[in-house]
Amino acid sequence: SSMAMGENDRRILLLTRERGLISAFARGARRQSNALGAATNPFTFGAFEAFEGRNSVTVVRAEVQEYFRSLMTDLDNVYYASYFLEVCEYYGEPGVDETDRLNLLYVTLRALEKGVIPRQLIRRIFELRTLYINGEYPDVFSCTECGSRENLTMFSLRNRGMICKECQPKEDGGLFPVSESLLYALQLILSAPLEKLYSFTLGEESMEEFERLMRGYQRRYGEHKYKSLDFLTNS
């Protein structure tokens, strides 16, 4: 994120591999001729050089590798990208290694920029993989009741994971049907290397299942309301 400070400065928030979230100042970045002007806009990826003072961090130089400029030409892409940044800001922590979160954000913005798969699928993949990074992801590899890896047909909100056909309760308002194609997709999202994360699409029915599951999961376990969701449809 980037915020105007004073007459010419900016306060920016960086998600870094080495030290997690860093709040920093870019002196003079709002001056037209300042080299930090473009580098301190949102959706900018690169290497930032800064020094740490007694009370603040100041960015003095930046080598930009990617501006994601094409995102800015499509308003829907801007809304989705803003949501992804807001999620990373909420879950990111200062002073810790955030390599996985930064890499996920990067490949997600690239997938959004390429436009090969639907935005809504990109969003749900990003959300589920974020749960994996946070260490609070659901179990989609075995039955959460008996441990079986066979006949996994339902997702249980109460159990935070799959239930096999034999263990399925007769009454449970928190159950969601999961087709074979969606189950495979869920397992892929939680286990695939990042370069394979956005390499598939879902049919209409499986995508609807995915939507219902993620909406139900977030209603039950979500703890934060993101402002950028107000601009997304089917939030």
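Rules of the game
Residues numbered from 1 in each chain as written. Predicted model: local features only at pLDDT ≥ 70, side-chain atom pairs only at ≥ 80, totals over all residues. Heavy atoms only, no water. Helix = DSSP H or I, 4+ residues; strand = E, 2+ residues; numbered from the N terminus. Pairing = 2+ DSSP bridges. Axes fitted to C-alpha atoms, helices over the stretch in contact; angles between N-to-C directions. Expected span 1.5 Å × (residues − 1). Buried < 20%, exposed > 50% of the residue type's maximum accessible area, 1.4 Å probe, protein only. Contact = heavy atoms within 4.5 Å.

A. The arrangement of unusual backbone geometry in detail. The backbone phi angle of F43 is positive, close to 65 degrees, even though this residue is not glycine. Considering the arrangement of structural elements, one finds F43 in the loop between strand 3 (20-26) and strand 4 (45-52). Positive phi values are uncommon outside glycine, yet R160 reaches one of about 55 degrees. Residue position: R160 is located in the loop between strand 6 (152-156) and strand 7 (161-164).

B. Molecular detail of the sheet that holds strand 7. Pairing is antiparallel in the open sheet, where 3 strands are placed in the order 7-6-8. Because the sheet does not close on itself, it has two edges, and the strands there are strand 7 and strand 8 (175-177). The average undirected angle you get between the axes of adjacent strands in this sheet is 40 degrees. Where strand 6 and strand 7 come together, 4 bridges link them in antiparallel fashion. Among the inter-strand pairings, M154 is bridged to a residue of strand 7, identified as I163.

C. Up close: helix 3 (residues 119-134). In this model helix 3 runs 22 Å from its N-terminal to its C-terminal C-alpha over 16 residues, within 8% of the 22 Å that 1.5 Å per residue would give. Burial of helix 3 is extensive: 12 of the 16 residues sit out of reach of the surface. Those residues of helix 3 lying buried are Q120, L121, I122, R123, R124, I125, F126, E127, L128, R129, T130 and L131. If you follow the buried residues of helix 3, they end up packed against helix 1 (75-91), helix 2 (99-114), helix 4 (180-191) and helix 5 (204-221). At the C-terminal side of helix 3, G135 shows a positive phi close to 80 degrees.

D. Spatial organisation of helix 2. With 16 residues, helix 2 should reach 22 Å at 1.5 Å per residue; the first-to-last C-alpha distance of 23 Å fits that figure. When we look at burial in helix 2, the residues that qualify are R101, L102, L104, L105, T108, L109, A111 and L112. Looking at the residues trailing helix 2, positive phi occurs at G115, about 70 degrees.

E. Region of the structure containing the pairing of strand 5 (residues 57-66). Bridge analysis of strand 3 against strand 5 gives 2 bridges, and the strand direction is parallel. Across the sheet, the residue bridging to A24 is V57, located in strand 5. With 8 bridges joining them, strand 4 and strand 5 adopt antiparallel strand pairing. When the bridges of strand 5 are listed, A47 appears paired with E63. Here strand 4 folds back onto strand 5, and the loop between the two strands holds 4 residues.

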